[in-house]
Amino acid sequence: MTIRSATAQWQGTILEGAGTIRTGKGGLEGAYSFKSRFEEGEGTNPEELIGAALAGCFSMALAKGLGDAGFPATSVDTTAKVHLDKVDGAPTVTRIDLENTVVAAGIDEAEFLKIADVTKQNCPISRLLAPGAEITLTASLG
């Protein structure tokens with residue numbers, strides 16, 4: 001199987017320092033800091049990258065599932081909202097809410113929701129995250 005990589009570089013103290021996160025092939029690069037992670041400062045953070053990974057994985061897997069069922073999607077849009085809460089005094093990703101809208105001709109809502117739920121359970125990033133964080137899904141046909 002494939003091995004993917006990413007790097008992170010940090011300079012300075014936890015409160016005043018800053019760093020850069022990069023994906024291995026250079027597709028994504030972002031600055032991060034204490035403020036971008038735990039407050040509302042500019043930049044990205046690891047939790048947003050986890051959300052992006054799950055939203056991307058889910059969207060691709062759902063497009064495949066719909067296509068395999070004979071309902072190729074015109075578009076699949078997914079937002080992941082990652083909840084970072086304190087658990088036993090430590091910051092912890094506790095829940096990720098997926099919000100999804102799909103445009104696909106010919107599929108009824110019940111069949112769509114079934115495929116979406118199976119996708120949520122089985123995409124590789126969901127399988128990684130679900131043992132430690134609850135993943136919810138709100139899916140609709142657009």
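- Looking at an unreviewed UniProt entry, one finds the protein named Peroxiredoxin and attributed to Embleya hyalina.

## Section: the sheet that holds strand β6 (residues 134–141)
Alright, step 1. An order of β4-β5-β6 is seen for the three strands of this open sheet, with the pairing classed as mixed. Two strands bound the open sheet, and with one partner strand each, they are β4 (73–87) and β6. Taking each pair of neighbouring strands and ignoring which way they run, the sheet shows an average axis angle of 15 degrees.
Alright, step 2. Inspection of the sheet shows strand β5 (residues 90–104) paired to β6 by eight bridges, in the parallel sense. If you follow L98 over to β6, its bridge partner there is L137.
Alright, step 3. Set on the sheet, helix α2 (residues 46–68) makes contact with β4, β5 and β6; between it and β4 the angle comes to about 145 degrees.
Alright, step 4. Contacting β5 and β6, helix α3 (residues 109–122) crosses the sheet at an angle of about 150 degrees to β6.

Definitions and cut-offs
- Residues numbered from 1 in each chain as written.
- Predicted model: local features only at pLDDT ≥ 70, side-chain atom pairs only at ≥ 80, totals over all residues.
- Heavy atoms only, no water.
- Pairing = 2+ DSSP bridges.
- Helix = DSSP H or I, 4+ residues; strand = E, 2+ residues; numbered from the N terminus.
- Axes fitted to C-alpha atoms, helices over the stretch in contact; angles between N-to-C directions.
- Contact = heavy atoms within 4.5 Å.

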